[in-house]
Amino acid sequence: MIHSFFVGKQLLYLDPGSGSFIIQMLLAGILGAGVAVRIYWKKIKKLFVKETDQKPVDETPAEDENGQK
Amino acid sequence: MDKNNNRLGASFRDPSGFIFKKDGQLYRQVNLIYRENYDLFHSSGLYKKLVRRQMLVSHVEVESNGEIPELCYKVIQPEKINFISYPYEWSFSQLKDAALLTLEIQKEALNAGMSLKDASAYNIQFSGARPVLIDTLSFEKYIEGSPWVAYRQFCQHFLAPLVLMSRTDIRLSQLLRVYIDGIPLELAVRVLPWSCRLNFGLLSHIYLHANAQQRYSDKQVQVNQQQGSMSRLAMQGLIENLESTIRNLTWSPAGTEWANYYDITNYSDNAFETKKGLVRDLINPLAPQSVWDLGANTGLFSRLALDVPGCFVLSADIDPAAVEMNYRECKRENETRLLPLVLDLTNPSPAIGWDNNERDSITQRGPADLVLALALIHHLAISNNVPLVDVARYLSSLGKKLIIEFVPKSDSQVQKLLASRLDIFPDYTPEGFVKAFSNYFEKKQEIPVSGTERILYLFERK
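Because the structure is a prediction, the values reported are computed rather than measured. (Residues numbered from 1 in each chain as written. Chains lettered and ligands numbered in written order. Predicted model: local features only at pLDDT ≥ 70, side-chain atom pairs only at ≥ 80, totals over all residues. Heavy atoms only, no water.)

A.B. asks: Could you clarify how one ought to interpret the sheet that holds strand β4 (residues 72-78) of chain B in this entry?
C.D. replies: Within a sheet, adjacent strands bond to each other through the backbone by hydrogen bonds, running parallel or antiparallel. Residue and element names in this part refer to chain B. Read from one edge to the other, the open sheet built from four strands follows the order β1-β2-β4-β3, with strand pairing classed as antiparallel. This sheet does not close on itself; its edge strands, each paired only once, are β1 (17-22) and β3 (59-62). Neighbour to neighbour, the strand axes of the sheet diverge by 35° on average, direction disregarded. The pairing of β3 with β4 spans four bridges and is antiparallel. Looking across to β4, one finds that E61 is bridged to I76. Across the sheet, helix α1 (residues 35-43) lies against β2 (25-31), β3 and β4, angled at about 45° from β4, the strand it touches most. (Pairing = 2+ DSSP bridges. Helix = DSSP H or I, 4+ residues; strand = E, 2+ residues; numbered from the N terminus. Axes fitted to C-alpha atoms, helices over the stretch in contact; angles between N-to-C directions. Contact = heavy atoms within 4.5 Å.)

Printed below as a string of structure tokens:
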């Protein structure tokens, strides 16, 4: 028998495990904060780097619709 | 009429579609239920991106009503993989690379507004040294706020076995043979050294995860409530943390008995080069398209077969350290035609799973055009007491032709094996050997290896 249930419009066949959902939510706060700090740390660094040397900081090059960098 | 008889034994769990065989070709039926996701997969550019980065097998759409037409949306034909292998046959770095690929794919998917709905190690195959995803239907639309449904499977299929191999014992990958949906986390918790708790990633994804699983195992958690509870940032953090946890897992192949094999073998440099030349000269005229090198150690002789254009070589050995070194070499060389695998010939990969039909035995994945059995026979016949005629029969089931090296009792390696036991092997002589093998093979060539007492034979199965 295939066990399936819906998350919104999704059809999932895999049992994700209730515990596995709970633990993700518990960790979500810490993990999200970690990523946020990393992103904002880069922005803070940028401010300082701009002051000491005039070169603009390289951002990750955006990709066009063909996936070319 | 059995509608399921063309469907592959492992392809039944996912209602999105399934793999089937027709006229010797492999196809994937994409079911109507998966239509939206399939179209999004293409329109978002995710398919193109993954194929361009060589992370997913490409496919072509074919004109067909499908194997079960009333369910069918489309039929696609995926790119073929040279040789199917399973996670319990992989060395440490092969499993690690497969894990990192899965996470990288999830990152790309999220960028395109999609997410992996499963993270099974069986969805990854190796194209030479390169892991690649073979399950095109693994993707679903990402709904902001929802947790990763494949997280449990990822931790059991990839993280738990890797930590066990790295921090307890390399041989624990064999638990994957027993637990076909990955190693239960609470089992890993019992086996791992206490110090693993000091690592934030392991603490979270193994210990706390196992704890939560047990605590909530019989509780119904309303899935709908979970939407909006895990931001995209948190999802990103989860994937990145899993990635760094796995990257920091290492295993060094030094210290097993086979790792320095070629330094302590019975061969003088001259005799070694002679043997290489003889084996090369035996292989080339046969022009095989598939070669299985059994007891290959680090793949030194396997690589001789790569001289044959287009030839695929399976390089199998019982020692995970040798396979690991072989795989690292493959990566350095960007090797696409050689696959190192861990294999114990006295207890080779059996057919497992539902109806013992989900994962094929090693024999079912053959036969090869050519089998190499160099410096091997004495381990089977003497160390493991397998009668020569049974060795012959088994080898004839694995390949159509055989290059085998007979290692006589006078050889110092065999002397070591017989040092502490009774010599109960009266038929273990060149004559006895040829007689046993003649039951299943025709002898084509017999070449003594000068500088040693060993003899190379070329056999063709009857």
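A.B. asks: Quick question: what am I supposed to make of the side chain of K117(B) here?
C.D. replies: With respect to the helices and strands, K117(B) occurs in the loop between β5 (114-116) and β6 (124-127). Within the local environment of K117(B), its side chain forms a polar contact with the backbone oxygen of L137(B), the two atoms lying 2.5 Å apart. (Polar contact = N/O pair within 3.5 Å; in protein donor to acceptor, adjacent residues only side chain to side chain.)

A.B. asks: Where do I start with the domain arrangement of chain B in this structure?
C.D. replies: By a widely used convention, the size of an interface equals the accessible area lost when the partners come together. Residue and element names in this part refer to chain B. Taken domain by domain, chain B comprises domain 1 (17-78), domain 2 (87-247) and domain 3 (261-461). Each partner contributes residues to the interface: domain 1 has 20 residues there, and domain 2 has 21 residues. Contact between domain 1 and domain 2 buries roughly 1,800 Å² in total, counting both sides, with carbon and sulfur atoms accounting for 65%. Where domain 1 packs against domain 2, one counts four salt bridges. Of the charged contacts in the structure, one is a salt bridge between K49 and E108, with a shortest N-O distance of 3.0 Å. Looking at the side of domain 1 that touches domain 2, the elements that each hand over two or more residues are β2, α1 and α2 (46-52). In terms of residue count, α1 provides more of the side of domain 1 that touches domain 2 than any other element does, four residues in total. (Domains from an automatic or database assignment. Buried area = accessible area lost by both parts, 1.4 Å probe. Salt bridge = Lys/Arg side-chain N within 4 Å of Asp/Glu carboxyl O.)

A.B. asks: How should I be thinking about the pairing of strand β15 (residues 455-461) of chain B in this particular structure?
C.D. replies: Regular strands show a simple pattern: their side chains alternate between the two faces of the sheet. Residues and elements named next belong to chain B. When you tally the buried positions in β15, you get five out of seven residues, the bulk of the element. Bridging between strand β13 (residues 399-406) and β15 involves six bridges; their strand directions are antiparallel. Bridged to I403 within β15 is L458. Where strand β14 (residues 441-448) meets β15, seven bridges bridge the pair, whose relative direction is antiparallel. Across the sheet, residue I447 finds its bridge partner in β15, namely L456. Linking β14 to β15, which pair antiparallel, is a turn of six residues; within it G451 sits at a positive phi near 95°. (Buried < 20%, exposed > 50% of the residue type's maximum accessible area, 1.4 Å probe, protein only.)

A.B. asks: Even after reading the chapter, I still don't get the pattern of salt bridges, so can you show me in this structure?
C.D. replies: Should their charged atoms come close, side chains of opposite charge can pair. All names here are of chain B. Applying the stated criterion across every chain, the model contains 27 salt bridges over all chains. Ionic pairing is found between E358 and R359, a salt bridge with its closest N-O pair at 4.0 Å. Overall, R359 belongs to the buried group, its relative accessible area being 15%. Close ionic contact of K400 with D369 constitutes a salt bridge, the shortest N to O distance being 3.7 Å. With K400 in strand β13 and D369 in strand β12 (residues 368-373), the pair connects residues that are 31 residues apart, well separated along the chain. Using a relative accessible area of 39% as the deciding quantity, one classes K400 as partly exposed. What emerges from the salt-bridge pattern is a single network uniting K49, R53, E104, K107, E108, E243 and R247.

A.B. asks: It is not clear to me how the packing of helix α3 (residues 92-111) of chain B against helix α8 (residues 232-247) of chain B should be interpreted in this structure. Could you clarify?
C.D. replies: The angle between the axes and the distance between the axes are what describe a pair of packed helices. Residue and element names in this part refer to chain B. The interhelical angle for the contact between α3 and α8, taken along N-to-C directions, is 165°, at an axis separation of 10 Å. Compared by their axis directions, α3 and α8 come out roughly antiparallel. Both α3 and α8 take part in a crossing whose hand is left-handed. Facing K96, A99, L100, L103, Q106, K107 and L110 of α3, the residues of α8 in contact are R232, M235, I239, L242, E243, I246 and R247. The residue inventory of the contact of α3 with α8, partitioned by class, reads eight nonpolar, one polar and five charged. (Parallel < 35°, antiparallel > 145°, perpendicular 65-115°, else oblique. Left-handed = near helix turned anticlockwise from the far one by under 90°. Nonpolar A, V, L, I, M, F, W, Y, C, P; charged D, E, K, R; others polar.)

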